[in-house]
Amino acid sequence: MSEIMRVNVGLGERSYDVLVGAGALTAAAPELVRHFPRGRAILITDRHVAGLHLERVSETLAAHGLEVEPVIVEPGETSKSWAGLARVVDALLDHNIERAEAVIALGGGVIGDLTGFAAAITKRGIDFIQIPTTLLAQVDSSVGGKTGINTTHGKNFAGAFHQPRLVIADRDLLATLPLRERRAGYAEIVKAALIGDAALFEQLEAAGADGLDGAGLDAAVAAAIAFKARIVAEDEREGGVRALLNLGHTFGHAFEADAPKDVIRHGEAVAAGIALAFAYSAHRGVCSAGDAARVEAHLRAVGLPASAAELAHTDWQASSLVSRMRDDKKNMDGRITLILARGIGAAYIDRAADEADLLSFMETQLS
Ligand code: NAD
Ligand code: GLY
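Just so we're clear, the structure is a prediction, and the values are computed from it rather than from any experiment.

1. Looking at the site of ligand 1
Thought 1: What surrounds ligand 1 is a group of 26 residues, the closest being E77, T133, T134, K155 and T176.
Thought 2: Interatomic distance of 2.6 Å between a side-chain N/O atom of E77 and an oxygen atom of ligand 1.
Thought 3: One nitrogen or oxygen atom from the side chain of K80 is found 2.8 Å from an oxygen atom belonging to ligand 1.
Thought 4: In isolation ligand 1 offers 870 Å² of accessible surface; the protein chains occlude 90% of this area.
Thought 5: Among the elements of the structure, helix 2 (47-62), helix 4 (109-121), helix 5 (135-141) and strand 8 (154-161) are those that each provide at least two residues to the shell around ligand 1.
Thought 6: For the shell around ligand 1, the element with the highest residue contribution is helix 2, accounting for four residues.
Thought 7: Residue composition of the shell around ligand 1, by class: seven nonpolar, nine polar and 10 charged.

2. Remarks on the site of ligand 2
Thought 1: Contacts to ligand 2 come from D140, K146, K228, E238, R242 and L245.
Thought 2: A distance of 2.7 Å is found between an oxygen atom of ligand 2 and a side-chain nitrogen or oxygen belonging to K228.
Thought 3: When the free accessible area of ligand 2 is taken as 200 Å², the share hidden by the protein chains comes to 86%.
Thought 4: When the residues that make up the shell around ligand 2 are grouped by side-chain class, the tally is one nonpolar, no polar and five charged.

3. Some remarks on the environment of D315
Thought 1: Counting through the fold element by element, D315 comes out in the loop between helix 11 (289-301) and helix 12 (318-326).
Thought 2: Sequence-wise, D315 and D258 are 57 residues apart; in three dimensions their C-alpha atoms are separated by 8.9 Å.

4. Some words on the pattern of salt bridges
Thought 1: Within this structure, the stated rule accounts for 27 salt bridges.
Thought 2: Salt-bridge contacts for K261 lead to D262; the nearest nitrogen and oxygen are separated by 3.7 Å.
Thought 3: For K261, a relative accessible area of 70% corresponds to the exposed category.
Thought 4: A cluster of three or more residues bridged by salt bridges with shared partners is formed by R38, R40, E69, E98 and E101.

5. Overview of the packing of aromatic side chains
What describes a pair of aromatic rings is the distance from one ring centre to the other and the angle between the planes of the rings.
Thought 1: The final tally for this structure, using the stated rule, is two aromatic pairs.
Thought 2: For R342, the ring lying beneath its charged end belongs to Y348, and the centroid distance is 4.0 Å.

Conventions used here
- Residues numbered from 1 in each chain as written.
- Chains lettered and ligands numbered in written order.
- Predicted model: local features only at pLDDT ≥ 70, side-chain atom pairs only at ≥ 80, totals over all residues.
- Heavy atoms only, no water.
- Near = heavy atom within 4 Å.
- Polar contact = N/O pair within 3.5 Å; in protein donor to acceptor, adjacent residues only side chain to side chain.
- Areas by Shrake-Rupley, 256 points an atom, 1.4 Å probe, with all protein chains shown as cover.
- Helix = DSSP H or I, 4+ residues; strand = E, 2+ residues; numbered from the N terminus.
- Nonpolar A, V, L, I, M, F, W, Y, C, P; charged D, E, K, R; others polar.
- Salt bridge = Lys/Arg side-chain N within 4 Å of Asp/Glu carboxyl O.
- Buried < 20%, exposed > 50% of the residue type's maximum accessible area, 1.4 Å probe, protein only.
- Phe/Tyr/Trp six-rings, centres within 6.5 Å; stacked < 30°, edge-to-face > 60°.
- Lys NZ or Arg CZ within 6 Å of the ring centre and 35° of its normal.

So, in structure tokens, the structure goes:
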């Protein structure tokens, strides 16, 4: 077991800890079992994660007197739906869950978002515990309390803010994660550093591709979570500064929306989006070209795309991408909101992007 790091998300009576490191589940088991007064835990997971990790997780918790009752859903975004939500809520009610009991989410962002939303509404709100099994879920989706499902109107269009009671980010669970998924999650660590932690970015640069695993990864995961925790503590419901966490996402969501389903990973779109946000900041003269070049170089060093052309889909139209940006949830008063940067670790919110300039920039980028 490596050193286990503990990061607190300070939200008054809804505060909670995130335990980070290889072996974190074993270390956290004694405090996890306190949330289960009936000696049993309903655990939501997907079929894929169940095959890889359910037995070991169940054994670990059984050693602390907790019997796991799994509810297994299909992997992928289709479970983050009204039907998927009904399945999980019904399963919790079928198990006669009581308000004093928590429910466990074991899986990636899909399972965390779905379970969190089910917990928010079942019996008007029960507790939940996140055991994230993808790097993206460990550094981003399991922390901060955004839960929800997709609707025909768009991704994450129905949901609730519902904070977990405990998050256990155990690196051992990432051992089975394909490199592509690992890299996609790593993009969110780069994002955190670029928004507001220049020292973390220097550490990531120094480690290069070695930082994708091992103790170096643990330190970066803990630093990215600590950064997110500070933002969430300041602005839990995204009235202001939390929007910074969308660095790279306005461009990224446009790539995801315009690419055929499942061709690019969210983190890949975000990586290319981060590079574009810095390139656009340099184009606007608010950020140095040197900083934008450093961002691109680091993304490429770890195997992430740093431009639209490096994504697995390449048939992009600037006008279509800008039109997708117009649909972004962050927008206000019909103007495109962009997260831009004055430099590494110095992101800011631009609430009124100049659409004509953005379109011409995108045309240049894609030519
Ligand atoms: P995911 O949950 O779909 O997991 C990706 C794939 O990896 C799945 O097939 C899953 O079965 C598999 N998997 C999970 N753990 C594994 C492991 N340890 N080894 C091998 N395979 C494993 O996707 P994700 O990338 O983790 O999360 C994406 C979701 O997170 C999206 O729905 C997105 O909207 C959401 N999200 C939410 C927030 C938030 O703040 N709530 C933030 C970012 C993203
Ligand atoms: N992933 C962005 C947020 O949690 O606000």
